[in-house]
Amino acid sequence: MTTPEFRDRYFEEYVLGETATGGTRIIDTADITRFADLTGDHHPAHTDPGYAAPKFGSVIAHGVLTFGVVVGLTVEYNGRAVAYGYDRIRFPRPVLPGDTVRAAAEVVDLAEHRNPRIGLVTKQYTGVNQRGETVLVCKHVLAVDRMPQTEEPNE
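Just so it is clear, the structure is predicted and the values come from calculations on it, not from any experiment.

Peer 1: Residues and numbers for helix α3 (residues 49-56), please.
Peer 2: The N-capping residue of α3, defined by a side-chain oxygen 2.9 Å from the backbone nitrogen of G50, is D48. Positive backbone phi, at 95 degrees, marks G57, one or two positions downstream of α3.

Peer 1: I'd like to hear about the packing of aromatic side chains, residue by residue, with values.
Peer 2: Counted by the stated rule, this structure contains two aromatic pairs. Pairing F6 with Y77 gives two aromatic rings, centres 5.2 Å apart and planes at 65 degrees, and the pair type is edge-to-face. Of this pair, F6 sits in the segment before β1 (19-26) while Y77 sits in the loop between α4 (63-74) and β2 (81-90), and the two are 71 residues apart along the sequence. Assessed through its relative accessible area of 58%, F6 is described here as exposed. Ring geometry for F67 versus Y86: centroids 4.9 Å apart, planes at 85 degrees, classification edge-to-face. Placement of the pair is F67 in helix α4 and Y86 in strand β2, with a sequence separation of 19 residues. The class for F67 is buried, based on a relative accessible area of 16%.

Peer 1: Quick rundown of the pattern of salt bridges? Include the residues and the values.
Peer 2: A full pass over the atoms with the stated rule returns 11 salt bridges. In this structure, R9 engages E18 in a salt bridge whose closest nitrogen and oxygen atoms are separated by 2.5 Å. The residue R80 makes a salt bridge to D145 at a minimum N-O spacing of 3.3 Å. Taken together, the residues span a long stretch of sequence, with R80 in the loop between α4 and β2 and D145 in strand β5 (residues 134-145) at a distance of 65 residues. By relative accessible area, R80 is classed as partly exposed at 24%. Through salt bridges that share partners, R9, E18, E76 and K123 make up one connected network.

Rules of the game
- Residues numbered from 1 in each chain as written.
- Predicted model: local features only at pLDDT ≥ 70, side-chain atom pairs only at ≥ 80, totals over all residues.
- Heavy atoms only, no water.
- Polar contact = N/O pair within 3.5 Å; in protein donor to acceptor, adjacent residues only side chain to side chain.
- Helix = DSSP H or I, 4+ residues; strand = E, 2+ residues; numbered from the N terminus.
- Phe/Tyr/Trp six-rings, centres within 6.5 Å; stacked < 30°, edge-to-face > 60°.
- Buried < 20%, exposed > 50% of the residue type's maximum accessible area, 1.4 Å probe, protein only.
- Salt bridge = Lys/Arg side-chain N within 4 Å of Asp/Glu carboxyl O.

The values reported here are purely geometric and, on their own, carry no functional implication.
Structure below.
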């Protein structure tokens, strides 16, 4: 595993419409089982092939597992940004064991905040499987430091 590269980036350096391609991750049955054990979510759609197969073809990954993978694949290691929240998380298609999830991010909004030292950057995260089907879409709002204001000299 490579060490992530951190870099500082201010709110003013983001551009509406900029995109970034994340990595990929194969989700396997062991991931789904470990996630069920970790979270205690043993819904039969995730753990019982007899229950899940008629509906989905096999067990399916938890939506929150898919969400976590997409977030991890698209994370920006910016020392000046922290997660402010996530909005409109949707799972249009299930993730099946063996699916490869590919992630991408796009800056879709730049907004002021009541605290003048930060701005809000909203990125839309999209996860797609190997067939090009969207499996996750959400908006990630980041609180990002603004550039320090320089004092005007007194005349």
